[in-house]
Each structure stands twice: as structure tokens, then as C-alpha cells.
There are 2 protein chains.
Amino acid sequence: MDTVILSDWLAAQLDRGAAEPGYRQLLRLMQQAILTGQLAPGTKLPSSRTLATDLRIARNTVVHVYDQLTAEGYVLSSTGSGTYVADTRPDTAAVNARKLAPDPDLPASTASLAAPARCERGDLSARGQRLIHKAGVAPKQWGAFMPGVPDVAEFPARTWSRLQAKLWKDANPDLLTYAPGGGYRPLRRALSDYLRVARSVKCTPDQIIITTGIHQSIDLAVRLLTDVGDRAWVEEPCYWGARSVLESLGVRLVPVPVDDEGLNPREHDLQDPPHLALVTPSHQYPLGMVMSLARRRTLLEYARQHSVWIIEDDYDSEFRYGSRPLASLQGLDDAGQVIYVGSLGKMLFPGLRIGYMIAPEHLVDRFRTGVAELYREGQLMHQAVLAEFIMDGHLTSHVRRMRALYGERRQILIDAITAHFGAELPVMGDEAGLHLVLGLPGHANDREVTAAAYDAGVIVRPLTAYYHSEAHVRQGLLLGYACVPNERIGKAFSALAQVIEKTMVACP
Amino acid sequence: MDTVILSDWLAAQLDRGAAEPGYRQLLRLMQQAILTGQLAPGTKLPSSRTLATDLRIARNTVVHVYDQLTAEGYVLSSTGSGTYVADTRPDTAAVNARKLAPDPDLPASTASLAAPARCERGDLSARGQRLIHKAGVAPKQWGAFMPGVPDVAEFPARTWSRLQAKLWKDANPDLLTYAPGGGYRPLRRALSDYLRVARSVKCTPDQIIITTGIHQSIDLAVRLLTDVGDRAWVEEPCYWGARSVLESLGVRLVPVPVDDEGLNPREHDLQDPPHLALVTPSHQYPLGMVMSLARRRTLLEYARQHSVWIIEDDYDSEFRYGSRPLASLQGLDDAGQVIYVGSLGKMLFPGLRIGYMIAPEHLVDRFRTGVAELYREGQLMHQAVLAEFIMDGHLTSHVRRMRALYGERRQILIDAITAHFGAELPVMGDEAGLHLVLGLPGHANDREVTAAAYDAGVIVRPLTAYYHSEAHVRQGLLLGYACVPNERIGKAFSALAQVIEKTMVACP
């Protein structure tokens, strides 16, 4: 395309009625002509004056377009001699370098790497495909009976907002930049005070590390404590999110059964100590049983003797409706083997994204470095608001209020279950947490029930989705009651009960 | 210890003047006596009435302690027959299971796994040690001349606070719970509008995924697109944080040199296409050059032919002081090979922790699932505040104001360098970003200069810390000027210049 044709082509392409400004249109068209080769390298462009006249636009527009083309390397201009299309064609020798014979100087092993057998290029990796295929995350995060979600409508948003406004009024610049590894110190102090009393943990404020939640806490511990290929015990069933984090870090999962006393490793599990064990002793997720004291002591002693790291996920431990909350496993650990992780999302609101971990004293400096290195944390204003919220007593009073409310809702749901099914379908789990598990008969298919319930406007999660292997799955449904207003529980359960009955008739 | 001795021991241990309430003390002491075996399994405890009388405390306190001991499994109580210490001793057979001979029924390969050779048990893993050893994160995050930090004191905190207060006034519960994969939709729309104009990217709002920043964006892409052992090109030198994320996910790094035109792969690099390449085309980090158009086109064509994923980190691209910002690499990509990542931290304030990525259309659904599965995102209120901030025009006006300010500061720093060193020490990098690189002579040791500067109250980062291998390191200092008030630049540089001069005399 010579410059006369260029002017004609541009004149035809420019759309004077379009929303896109003339400058952008001209720039885009010139770039396109150069990238496609319509304007060959070395072509001299018309002067800005000529092109402006030809296109009947302001000369300044053309000058700016030429400047930008020069800055981006599309054209070369030298004062006096004009503006030329630069040679920016891809270097074909470089693009095709792989097709050359392997360099004879390279060692054989490297040369053989030059043509690896890859089937999945251009798509997700095997790791990525597994992750997405097994993903447990739900498309909807709210409504009857979404498990694991507290009632955010009950959160004292005005109190939070007042504390927040106070802190932002004269925002301290130190709180707007990156966080030092570990997080905002007053929050760490407030949390260690709270956890010592509420969860019987043993820790100093220095041992507390603020994270964005359970996921990040587990991610950090696993990156720092395991190598690719190491084995980790996970409870069977367990939380899908933790499983995805571990697996995508190259850790091999060893599912270990649970019974009424919690984690119950088999002989062959015990003979082959894992590198790490991830447990939910206060309230097994998702089944809800409490790990017995004898099992806790055995696990700690086993971990000590065989140098096994324990990650204690102290999930939902604040919400117990019968007895007082049980003490943490961490509080019994004398050997520095336990990494304790928890989150404030269920106590306050999930969108908060603030969690904490307690690292053993001999690891805490390196954990602090790790959290800053891997995640480049910030959010100190947010952490400062939370610290004030806790120190003013709002955390404990909100948890106390929610414990009463969720206990009521749990009872309403259990009454509805009993009214519909009598003792036919068992309710599993201790009196704690934000959900219960409704057992289904062995011939049922909980994924089908879940899909049918979704169509009927009720969200549940299938218990089988929480199992790693197919071998010992139990059929059941997780029903979250915490986020459902009291008066809606009965009606929503009626809808669900119809779906269950229909499905059970279909597969007798 | 029989029950009479128990009463005496408890009476001696209880500290009536202590801050710890009597209930907690008694509970802790009884637990301790049981855990240490002082109270053997099967021992009958005194009745609550007897113990209360012996200890001269309220009977109710003892009843509550016994209830809690029962709930936690320390004791067993049956109405009528009294309360007995439970047998919670660790199961020694389980603890010592590993010492048994391997099960002859297990296949040989499993049996051999039963006693793996591990040297590092009880400490960080090899992955963790490497991560902490190589960590690039600085202990201080603020002050002259901390690189990569904007001036947060200039952030319009009042505007932000006003928008925030408005949204929190009647907090929408939907914004307090977990985020759907991808983030708050109006923010994604605002960002896609902004990026299309400012960065010439090609994307719809659906392709935008909100993350907590560059680290999380890279983490997600690498987990989904690579397997353990895959190779990734990284620029040499490059950003330490990205390197740590990649390495701890099991990816093998291939450092590729950069020259004045950006990434410059050698023949043997080209012969062995990587799975992924991480580049900073707009503004190489940390050296600051711009990738030429020819190199961009070559990289894209090479990536297309050999199915190489490209992660484009569009770092600091908003802050250019000479020419207009250059277009993104993503905007030239027709093959869906580029994952574009960026962050708002440098534009607004680092503590914000909101970033974004643009996924190719054929991957975006799976990326959205991945972000929800791996990180369980929330922070929708925060995202909503940011969306309003952008839509009201505050982002562009703040960036415009900061661009002028940082340009001034850059010039003041360059003038100070020239006044002290003339042309003796080169200033590297294009006129862009929040820092510049001051080259040091080859015989200098930039880590030593950094340490000496720190002692003199000036923060700099050594250029050599950004190199992966030792082979081609250049000595230099990263000086961040953006966060230093104009009037402090000269004085801080004088202090630094003294340190540099002293060190250069020491090693001639």
C-alpha cells in the first residue's frame, strides 16, 4: 500500500459518527496496517500536513498519532527526512528455533527436553484440570440451606461503620501501605487474648500471624513445611477447599477415616508417618463429631515421635449450642508440632477475609517472612477496625448473640426434619457449627438430590463431594441453617423434603 | 495420687490472689494432674460437695469444672456411681506402629516408603528453606528510598472514606458474604472500561477477574496452567515476589536475559520452549526498559507456535513521565495466549490489596472457578467502594496528579545524582515508574552498600538481589522516589552518596 492508497483506505475506514474519537481510530488503523503488513517496513508515510488535508482532520491529531506510533516503535522518524514504517516483523529464526537440530554441545538430557511429549499445551495443565474438575465451590453463596455461611444481615454493620469512619477520618499513612509480616500488632494482641481464654491456646501475640483466612494460612504452612511429593493425612471426608490448596501445591493426599471419636488412622496409615496432618478436632468438617481426648493425645504423641506437622483447623468452634466450647489441640501441644488456624469470617461476616494462624515459637519469624514474601499483605486499616471492634467487646457480644440465634435455628430445622421423616433419616454431628448433615439411605444419590433441590430453589451440598476417594462415601446432605431466618426454615425444608421423597421413591 | 492427696495438692496450688479466676485454675490443675498421670485412669474423684468443702470454694465452681472435664473427656461420670478419671493415655501401639516390621501384604514399593530418608523433619522443608533464604521482602516498607511504594499521604482518604461511609450506611448483606468467582461486577465493568482506554487491552468485563494483587493473579495462573516440574521463563533480573510464587509451586525457573529492547532469549532458550513466560513489557522490572515492538511480535508469534503461556505483568505502566503510556502486549495478542495482570496498589495505596487479571476468553470460566476454589474471596464492600471511586473519576484524576508529582521527584533525584556523581554512575531505565536504578561500578558490592545505607537511615534495595543466577549480575541500587516528599530527596541522597563514596574508596 503506497501513501496515496493509504490516504484513500484511511478515509474509507474512518467513521466520523462513531463514539471512538478520531485520534484513537486513526491510531488503531495505522497500527493495524503496519501489523498486517499492508504498510510494509520502510514505507515513507505522508507528512502530517498532507495526511491531515487528505482526511480533512486537524493536523494536530495526525501529529499526535505519529508521536504515539513513534513512541510505540511502529514508525521511525528523523527530523528533515520524514517518517518511515519500522521493521517490527517477528524474528522468524527465533520463532522457528525449536525446529533446528538439537545443539550437539548440549548434554543429551537437555537435548531430549527440547521436544517433550506434551498433550495439553494450550489448555489447562493436569494440575489445573484436576483442580477445576474437583472444585467444590458453589455457584451460589447465600440462601436456605447454604452451609458454612453466617447470617450477615445480623452483623452490627453500623458499629463497624462507626469505628471505620473514625479511623479513616485522619488516616494514618502507615496503615495504608504494605503490612509487616504478621499483621497489625494491636490486632494480634487482641486475638491472642481472645484465643487464650476462648480456645485455651498457648501463645504470645508474636506467635499470631494475620492472614486472609483458612485458605491462606494452610497455603503458607504447606509451602513452608512440605516439599512436592510429601504426603499429608486429611480427614475423610474433609473440606474441599483445603484439599484443593494442598493438592495444587504438589502434596499427595492420604485420606484417613474418621469415626465418632474423630481421626482414626488404620494400621497401614500409622506405619507410614505422613509429613503433615490436617485435622478439625473441635468439630469435624463436615460431619461434626469432636475428637476424643485419647485420640488427641495419641495424635500429638505420634506426631512428636515421628516429626509430623499438625495443622489444626479450629473451624466453627465458637458455635456450640450444648456444652461449652472444647479446648484446642494446640493447647495440649508441648512439642511445637501444631500450627493452629482460624478465621473471623464465620463469627462476623465472610467477606471480611481476615484469619489468623498461630505458629510454633521456633518457626514464627520465618512464617512472618513467608507471609510477606508470598502474599505481600496489606489491609492494615481493615485490621485496625477489627482490633477496635474486638477490644470494645463487640466480637464476644456478637458471637454470644449469634450462638443463641443459630441454636434456635438448628432446633427449628431438627424439628422440621423429625416432623417429616421421624427417625428415618439420621441427623449427624455434634450440637455445633453452622450446618448439620442429614444422612440419606445408601441407595440414594446425594448429587442428584442436590441438583433437584437447586431446581426447587433450595441450596444444599452433597456429602459425597467431601470425600477424596469413592471407597467409603456416605450419602447425605449438608444443610446450613445459620443464614436462614427462623420463619423461612420450615417452608424451605418442606420444599427439600418433597425433593428427597421424590428421589427416594425413584430409587427404592 | 488418691483423693485426699488430690485435695491437699489442689489447695496448695490454688492461688487465691491470682488474676486467673478460680474456675480456670481448678480446671487447669485437674487437667494437668490427669494428663501427667498424677491422677491415674480409673481414680474416683471426690464428690463436688467434698472437694468444695476441702478447698473452701463454692460448690457450683466444682460442679462446673466437673462438667467441663466431662465434656472434654477427662473424666467419666454416671449418676449415682460418681466421677472417674477416664483413660485418655496415648495409644502406644499406634504411636509406635512405625517400628513394626513392614506388612508383608503391602507391595514392596509401599513398604519401602515406610522408612523414607528424611533429614529435615522438624524444620522447614527444602521448599520452605529455599523460600525464606531467598526472600526479597524488606523489613521496612516506607521512607527514602523505598522502591515500589507510592506516596500514600497524598491519597484522597477523605473521598474514599465518604464513599465507604455511604456504602456501609445501609450495608447490603449480599456484599458481606463470599464473592462469586471473579469479583464485584460493577468494578469489573469499570476496570475493563479503564483498561481498554488506558492500556489498549482487548477485553469484556467478563474477562476481568478481581484478585488481591499481582501475587494472587500469578499464583492462580500458574496453578491452573502449569504442572510441577514445568519450566517458566522469567526475566533476568526480575521481581523477587513473582519468583518466590513460581518456585514454591514447583515450577523450574529459566532466567532469560534482558537488553535495551527487553526480553532477549538466547538460541538455547528458544530451542526449548517453556510452558510459560512471565514478562514486564511496559516497564521491565526492575531495570525499567520498554520491550520493543519487534520483540513483542516475536514473543507472541513464538508463544503461538509453541503453545507458550505469557503472563504480562503490566507493572507501573500508568506512571510515564515523558511519552504517553505504551499499549499492552495483551492488546496485540490474537491467539488467547496472554494472561494480563495488574494491580491498583501503586495507583492508590498498597494496603488496598485489589488487583485484576484478564483471562483469555476460552479460560475465563475456569479461572473464575479457580479463584473461588483456591482463595474463597470476599471483600465485596471494599470492591464496591473502589468501583464508585473509579466511576466518579477519582482514579484518573489521582493518577494524573501523582504522575506530575512523581515526575518532579524523579527529576529532583536525578539532579541530585548528577550533582554528586556527574556521569560517573549511570541512571538506568526509562522515564517511568516509582523507582530508578543507580548503576554501581563492577567492583562494588551493592548488598554491602545497602546494609551501610540502612545503618545511615536510608533504605535502598540491591540490584543483585533481583537476579536468579550469579552469572550476569550487575551491581546497582534501586531508589524509590515516589514516596519521598520533594524537600527530603536531596538530604536523603546526600546521606546515601556519602555511604556510596565511602564504600567505593574501600574497594577501589
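Reading the values: the criteria
- Residues numbered from 1 in each chain as written.
- Chains lettered and ligands numbered in written order.
- Predicted model: local features only at pLDDT ≥ 70, side-chain atom pairs only at ≥ 80, totals over all residues.
- Heavy atoms only, no water.
- Buried < 20%, exposed > 50% of the residue type's maximum accessible area, 1.4 Å probe, protein only.
- Helix = DSSP H or I, 4+ residues; strand = E, 2+ residues; numbered from the N terminus.
- Pairing = 2+ DSSP bridges.
- Arc of directions from axis to C-beta.
- Contact = heavy atoms within 4.5 Å.
- Least-squares fit on C-alpha atoms with pLDDT ≥ 70 in both.
- Salt bridge = Lys/Arg side-chain N within 4 Å of Asp/Glu carboxyl O.
- Phe/Tyr/Trp six-rings, centres within 6.5 Å; stacked < 30°, edge-to-face > 60°.
- Buried area = accessible area lost by both parts, 1.4 Å probe.
- Polar contact = N/O pair within 3.5 Å; in protein donor to acceptor, adjacent residues only side chain to side chain.
- Nonpolar A, V, L, I, M, F, W, Y, C, P; charged D, E, K, R; others polar.
- UniProt positions renumbered as here; feature names shortened; annotations may be inferred.

K.L.:
Hey, could you run me through the pairing of strand 12 (residues 435-439) of chain A in this one?
P.N.:
Regular strands show a simple pattern: their side chains alternate between the two faces of the sheet. Residue and element names in this part refer to chain A. Burial analysis of strand 12 places five of its five residues in the buried class, which makes it a mostly covered element. Pairing geometry for strand 11 (residues 427-428) and strand 12, over two bridges, is antiparallel. By the bridge assignment, Val427 is partnered in strand 12 with Leu438. Taken together, strand 11 and the strand that follows it, strand 12, pair antiparallel across an intervening segment of six residues, in which Gly429 is found at a positive phi of about 105 degrees.

K.L.:
So what exactly am I meant to see when it comes to helix 3 (residues 48-55) of chain A here?
P.N.:
Helical geometry: 3.6 residues make up each α-helical turn, so side chains three or four residues apart lie on a common side. Residues and elements named next belong to chain A. If you check which residues of helix 3 are buried, you get Ser48, Leu51, Ala52 and Leu55. For helix 3, the buried positions fall inside an angular range of 100 degrees around the axis, keeping them on one side. Facing away from the buried side of helix 3 by more than 90 degrees, the exposed set consists of Arg49 and Thr53. Of the surrounding elements, those touching the buried residues of helix 3 are helix 1 (3-13), helix 2 (22-35) and helix 4 (59-71). Following helix 3 by one or two positions, Arg56 adopts a phi angle in the positive range, close to 50 degrees.

K.L.:
What exactly am I supposed to notice about the relation of the copies chain A and chain B here?
P.N.:
Superposing the two chain copies requires a rotation about an axis and a translation along that axis. Mapping chain A onto chain B calls for a screw motion: a turn of 180 degrees about the axis and a shift of 0.0 Å along it, with 0.1 Å RMSD after fitting. Such a turn and shift between the copies fits a two-fold axis. Identified as the residue of chain A closest to the rotation axis by C-alpha distance is Leu249 of chain A, at 2.8 Å. In this assembly, 98% of the residues forming the interface of chain A have copies in chain B that are likewise at the interface, indicating an isologous arrangement.

K.L.:
Sorry, what's going on with the pattern of salt bridges here?
P.N.:
Two side chains of opposite charge can pair, provided their charged atoms sit close to one another. Residue and element names in this part refer to chain A. Per the stated rule, a full pass over the model turns up 38 salt bridges over all chains. Between Asp314 and Arg199 there is a salt bridge, with its nearest N and O atoms 2.5 Å apart. Remark: Arg199 occurs in helix 9 (residues 185-199) and Asp314 occurs in the loop between strand 8 (309-313) and strand 9 (338-343); sequence separation between them is 115 residues. The burial state of Asp314 is the same as that of Arg199; both residues are buried. Glu301 is the salt-bridge partner of Arg304, the closest N and O atoms lying 2.8 Å from each other.

K.L.:
Looking at this model, I keep getting lost on the packing of aromatic side chains. Mind explaining?
P.N.:
A complete count under the given rule lists 28 aromatic pairs over all chains for this structure. Ring centres of Trp233 of chain A and Tyr302 of chain A lie 5.5 Å apart, and the angle between their planes is 15 degrees; on these two criteria the pair is classed as stacked. Of this pair, Trp233 of chain A sits in strand 4 (residues 231-236) while Tyr302 of chain A sits in helix 13 (residues 293-306), and the two are 69 residues apart along the sequence. Here Trp233 of chain A matches Tyr302 of chain A in class, with each residue buried. Taken together through their ring pairs, the aromatic side chains of Phe155, Trp160, Phe349 and Phe389 of chain A together with Trp168 of chain B make up a single cluster.

K.L.:
What exactly am I supposed to notice about helix 11 (residues 240-248) of chain B here?
P.N.:
Residues and elements named next belong to chain B. Of all nine residues that make up helix 11, eight are buried, and the element is covered over most of its length. For helix 11, every residue scored as buried is listed here: Trp240, Gly241, Ala242, Arg243, Ser244, Val245, Leu246 and Ser248. Following helix 11 by one or two positions, Gly250 has its phi on the positive side, about 85 degrees.

K.L.:
What should I look at first to understand the interface of chain A and chain B in this one?
P.N.:
Counting residues at the interface gives 131 residues for chain A, matched by 129 residues for chain B. Across the chain A to chain B interface the summed buried area is about 11400 Å²; carbon plus sulfur atoms make up 55%. On inspection of chain A and its partner chain B, the count reaches six salt bridges. Here Arg223 of chain A and Asp219 of chain B are joined by a salt bridge, their closest N and O atoms 2.7 Å apart. Linking chain A to chain B there are 50 residue pairs in polar contact (both at pLDDT 80 or more). Residues belonging to the side of chain A that touches chain B are distributed by class as follows: 63 nonpolar, 35 polar and 33 charged.

K.L.:
Is there a simple way to think about the UniProt feature "domain: HTH gntR-type" (unreviewed entry) in chain A in this case?
P.N.:
Feature annotation in UniProt assigns "domain: HTH gntR-type" (unreviewed entry) to the following positions: residues 20-88 of chain A. The distance from the first to the last C-alpha atom of residues 20-88 of chain A is 26 Å, and the span holds 51% helix and 12% strand.

K.L.:
Would you take a moment to explain the environment of Met504 of chain B for this structure?
P.N.:
Residues and elements named next belong to chain B. Mapped onto the secondary structure, Met504 falls in helix 18 (residues 486-506). Look at Met504 and you get buried, because its relative accessible area is 15%. In the structure, Met504 is positioned 485 residues away from Ala19 in sequence and 59 Å away in space, judged by C-alpha atoms. The contact partners of Met504, leaving out residues within four places of it in the chain, are Glu424, Leu425, Pro441 and His443.

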